[in-house]
Amino acid sequence: MAQEQIQEQQQALALRQTQSVTQQQLLQAQLIELPITQLLDRVNAEMDDNPALEVNTDEDTEFSEFPENPDNAESSDSYEQEQRQSALDDALESIGRDDEELPVYQGGLSFQEEREDFVYGASLSFYDQLKEQMGVMDMNDHQRYIMEYLIGSLDDDGLLRKSIDTISDELAIYHSIDATPQEIEQVLHLLQEFDPAGIGGRSLQECLLLQIQRREPSRLRDLMEKVVNDYFEAFTKKHWRKIQQAMKLNDMQTEVLMGELRKLNPKPGAALSETVGHAMQQITPDFIVDTQDDGTVTFQLNSGEIPELHVSPSFTDTLREYHDNKEHMSRQMKEALLYTKKKVDAAQGFIEAIKVRRQTLSLTMKAIIQWQHRYFEEGDEALLRPMILRDIAEKTGLDVSTISRVSNSKYAQTRWGTFPLRHFFSDSYVTAEGDELSTREIKASLQDLVDAEDKRKPLSDEALGKLLAEKGYPIARRTVAKYREQLGIPIARLRK
């Protein structure tokens, strides 16, 4: 019986998935997220906090080349550091064993302790603000992976327009994650509990219902829920008289109900991205993209006023001195060595994270330019090909979450203007014949049709669909209505 219990326990442990993130990976993710202006603030704060980090004033010194894989990046003198690290570890092993009655030295803070109070307020992306809320949820690793994928699949307005079956297939095909539609549905319900209310709705109707359900139980809440559930089409067309008659309400009740329904937010995701927008007083491009007359497209990273950093020679000399005299070190010397070592390690880690950031941004921008080369040549939005985060992730070999961090709060200055990186991403629409069209291209044509219509006789969704089909965009009337809503274009009756 005891042997069976041991076998069962071993099997359970073998099936469990664990996920750990090192402090260095976390630092790299934070720096990748920051736009150039906030990165400069972070560098200055790091230099104030760590005396081992200094500006390299040698004008002839350049950044070393980036390695192919940013996740395994090492500095050029890694071998020497490893040798020194081994000797330091040997010298530090005895700290705490001699003279144990003496108080422990508190001068050196750990890498984590030095950064845990460093908050950047509104610098978090839409993606990471939701991930922060995910951190307090009681979920296993499998559910957390699904949750991260769901968050990454949300549109900018906070709605989830991919079907559950599609997400299940994508997890299986691209990430080797076996997640049933039922499991994804359960995790989605958890996501829909996040703030702001309405996040994760699969339609405008579900988004509004999620917001109504957050209200305290009342007669008014019941009426709001009934309108959105039973009279949604009339509600979207503002047929309030029809709703009033069907629900047998008086004028005052209808007016109150209308007022409360108008307070609902059809784009809850916008509430999360507003903080980032407010934090930026002035747009500073992170990429400078140059298009030559012959169609050649090149780019460079905007380094701004970011200084080149190195580890203070005085700190490295101190480590070398302690290393040469390690056999005769007193406890006080070992404690000073521990402080010095931690500061040097933190400085080297920060420098390495800056290098990884530069390489990651370069890889991402290079992939975007290759994917959207025709657009960068001519500047016509209709030439933007369908492109989602996963496409660039696969092209660069980076994770989807990394591409999301790069794409948020970053701007590219092009020959045609300065745009957020998200501008170059667009979902695809697959026609019945199997042709793949850019939704941005379709929306641009839809906007052109509405702008050119006779305002005395605005076009219905069906009429718009026919005209789009003539232009080579054969989409259904329901799809026309969805794109029209996303563009903020009211129905024909309200465009007169």
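Owing to the predicted nature of the structure, the values given are computational and were not obtained by experimental measurement.

**A look at the environment of Asn265**
Alright, step 1. Inspection of the secondary structure assignment puts Asn265 in the loop between α14 (251-262) and α15 (268-279).
Alright, step 2. Judged by relative accessible area, which is 29%, Asn265 ranks as partly exposed.
Alright, step 3. Of the polar contacts made by the side chain of Asn265, one reaches the backbone nitrogen of Lys267; its length is 2.9 Å.

**Thoughts on the nonpolar core**
Alright, step 1. Membership of the largest hydrophobic core comes to 26 residues, with the highest contact counts inside it found for Met365, Ile368, Phe376, Ile392, Leu421 and Phe424.
Alright, step 2. Listing elements by their share of this core, those giving two or more residues are β2 (287-291), α17 (331-371), α18 (373-378), α19 (389-396) and α20 (400-407).
Alright, step 3. Here this core takes 6 residues from α17, the largest share from any one element.
Alright, step 4. Ile392 has contacts with Thr364, Ala367, Ile368, Trp371, Met387, Ile403 and Phe425, leaving out every residue within four places of it along the chain.
Alright, step 5. Core analysis: the next-biggest nonpolar cluster, separate from the first, contains 23 residues, Ile146, Met147, Tyr149 and Leu150 among them.

**Thoughts on the layout of surface pockets**
Alright, step 1. By volume, the second largest pocket is sized at about 1,500 Å³.
Alright, step 2. Taken together, 38 residues make up the lining of the second largest pocket; nearest its centre are Leu204, Phe232, Thr236, Arg484 and Glu485.
Alright, step 3. Listed by contribution, the elements that provide at least two residues to the lining of the second largest pocket are α10 (204-213), α12 (232-236), α14, α22 (461-470) and α23 (477-486).
Alright, step 4. Top element by residues in the lining of the second largest pocket is α23. It accounts for 8 residues.
Alright, step 5. Residue classes in the lining of the second largest pocket are distributed as 15 nonpolar, 7 polar and 16 charged.

**Concerning the side chain of Arg357**
Alright, step 1. Counting through the fold element by element, Arg357 comes out in helix α17.
Alright, step 2. For Arg357, a relative accessible area of 5% puts it in the buried group.
Alright, step 3. Ignoring sequence-local partners within four residues, the contact set of Arg357 consists of Leu31, Ile32, Leu34, Pro35, Ile36, Leu39, Asp286 and Lys410.

**Examining the sheet that holds strand β3 (residues 297-301)**
Alright, step 1. With mixed pairing, 4 strands are arranged side by side in an open sheet as β3-β2-β5-β6. Pairing within the sheet leaves two strands with one partner each, and these edge strands are β3 and β6 (417-420). Strand after strand, the sheet turns through a mean of 20° between neighbouring axes, direction not considered.
Alright, step 2. Across the sheet, α17 touches β2, β3 and β5 (411-414), and the angle it forms with β3 is around 160°.

**Digging into the packing of helix α2 (residues 23-33) against α17**
Alright, step 1. Put simply, α2 and α17 touch, their axes get as near as 9 Å, and they point 50° apart. Accordingly, the angle class assigned to the pair α2 and α17 is oblique. The crossing of α2 and α17 is right-handed. In this structure, α2 contributes Gln24, Leu27, Gln28, Leu31 and Ile32 to the contact, and α17 contributes Gly349, Phe350, Glu352, Ala353, Ile354, Val356, Arg357, Thr360 and Leu361.
Alright, step 2. Grouping the amino acids of the contact of α2 with α17 by side-chain chemistry returns 8 nonpolar, 4 polar and 2 charged.

**A look at the packing of aromatic side chains**
Alright, step 1. Under the counting rule described, the total for this entry stands at 6 aromatic pairs.
Alright, step 2. Ring centres of Phe232 and Phe235 lie 6.3 Å apart, and the angle between their planes is 45°; on these two criteria the pair is classed as tilted. A residue pair is termed a helical-turn pair when its members lie 3 or 4 positions apart in one helix, as Phe232 and Phe235 do in helix α12 at 3 residues.
Alright, step 3. Summarising the aromatic geometry, the rings of Phe419 and Phe424 are spaced 6.3 Å apart at their centres and angled 75° between planes, so their arrangement reads as edge-to-face.
Alright, step 4. Residue Phe419 is classed as buried on the basis of its relative accessible area, which comes to 17%.
Alright, step 5. Ring-pair connections join several aromatic residues into one group, and the members of that group are Tyr375, Phe376, Phe419 and Phe424.

Cut-offs used in this document
Residues numbered from 1 in each chain as written. Predicted model: local features only at pLDDT ≥ 70, side-chain atom pairs only at ≥ 80, totals over all residues. Heavy atoms only, no water. Helix = DSSP H or I, 4+ residues; strand = E, 2+ residues; numbered from the N terminus. Buried < 20%, exposed > 50% of the residue type's maximum accessible area, 1.4 Å probe, protein only. Polar contact = N/O pair within 3.5 Å; in protein donor to acceptor, adjacent residues only side chain to side chain. Core = buried A, V, L, I, M, F, W, Y, C linked by side-chain atoms within 4.5 Å. Contact = heavy atoms within 4.5 Å. 1 Å grid on protein atoms, 1.4 Å probe; cavity = no way out; pocket = protein on both sides within 12 Å on 5 of 7 lines; lining within 4 Å. Points joined across faces, edges and corners; volume = space filled by probe spheres on them. Nonpolar A, V, L, I, M, F, W, Y, C, P; charged D, E, K, R; others polar. Pairing = 2+ DSSP bridges. Axes fitted to C-alpha atoms, helices over the stretch in contact; angles between N-to-C directions. Parallel < 35°, antiparallel > 145°, perpendicular 65-115°, else oblique. Left-handed = near helix turned anticlockwise from the far one by under 90°. Phe/Tyr/Trp six-rings, centres within 6.5 Å; stacked < 30°, edge-to-face > 60°.

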